Amino acid sequence: MSNITIYHNPACGTSRNTLELIRNSGNEPTIIYYLDTPPSHDELLKLIADMGISVRALLRKNVEPYEQLGLADGDFTDEQLIEFMLQHPILINRPIVVTPLGTRLCRPSEIVLDILPEPQKGAFVKEDGEKVIDEAGKPIK
């Protein structure tokens with residue numbers, strides 16, 4: 001059983017890169033395909049609290065329901081925003097990673113490095129060709 005969980009969308013490059021960075025540390029995480037299995041109301045509240053971000057900060061803005069629902073308006077309560085995310089999981093920004101060292105929205109994917117319990121095991125290059133980790137497992141600045 002892994003002590004790392006990723007709320008993952010395989011259609012998202014950032015989510016795929018984050019998953020591969022986790023694997024590059026020698027861990028196979030529990031993968032939750034949140035579009036198919038969204039978190040419960042209480043789980044979503046806990047994730048937001050653990051990340052230390054606002055509900056609105058977790059909203060994904062460049063998806064169709066965001067505009068259709070008029071979510072750019074600041075007139076919605078946090079509870080209403082949570083309900084929209086539960087009804088339309090595509091509105092939940094991703095990937096969210098939970099480890100013993102913390103919970104983060106990993107945008108960009110390198111944010112996951114701050115909460116991985118083990119170091120990187122070797123070089124890592126993002127899908128777009130950006131070198132992130134060198135051959136010694138050290139982040140490239």
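Q: Looking at this structure, how should I read the nonpolar core?
A: In this structure, L58, M85, L91 and I96 are the most contacted members of the largest nonpolar core, which totals 20 residues. Listing elements by their share of this core, those giving two or more residues are α2 (41–51) and α4 (78–87). With residues up to four places along the chain from it excluded, the contact list for L91 reads L58, L59, R60, V63, P65, Y66, L69, L71, F84 and M85.

Q: What's the story with the packing of aromatic side chains in this structure? I'm lost.
A: For any pair of aromatic rings, the description rests on two quantities: the centre-to-centre distance and the angle between the ring planes. Under the criterion given, the structure shown has one aromatic pair. When the ring of F76 is compared with that of F84, the centres are 5.3 Å apart and the planes differ by 85°; the resulting orientation is edge-to-face. For F76, a relative accessible area of 23% gives the class partly exposed. By relative accessible area, F84 is classed as buried at 16%.

Q: Sorry if this is basic, but what is going on with the packing of α2 against α4 here?
A: In the contact formed by α2 and α4, the axes pass within 10 Å of each other and the chain directions differ by 115°. In the crossing of α2 with α4, the sense of the turn from one axis to the other is right-handed. Contact with α2, carried on its side by H41, L44, L45 and I48, involves E79, I82, E83, M85 and L86 of α4 and no other residues of that element. Considered class by class, the residues forming the contact of α2 with α4 number six nonpolar, one polar and two charged.

Criteria and cut-off values
- Residues numbered from 1 in each chain as written.
- Predicted model: local features only at pLDDT ≥ 70, side-chain atom pairs only at ≥ 80, totals over all residues.
- Heavy atoms only, no water.
- Core = buried A, V, L, I, M, F, W, Y, C linked by side-chain atoms within 4.5 Å.
- Buried < 20%, exposed > 50% of the residue type's maximum accessible area, 1.4 Å probe, protein only.
- Helix = DSSP H or I, 4+ residues; strand = E, 2+ residues; numbered from the N terminus.
- Contact = heavy atoms within 4.5 Å.
- Phe/Tyr/Trp six-rings, centres within 6.5 Å; stacked < 30°, edge-to-face > 60°.
- Axes fitted to C-alpha atoms, helices over the stretch in contact; angles between N-to-C directions.
- Left-handed = near helix turned anticlockwise from the far one by under 90°.
- Nonpolar A, V, L, I, M, F, W, Y, C, P; charged D, E, K, R; others polar.

Note that all results are geometric; they support no functional claim without further evidence.
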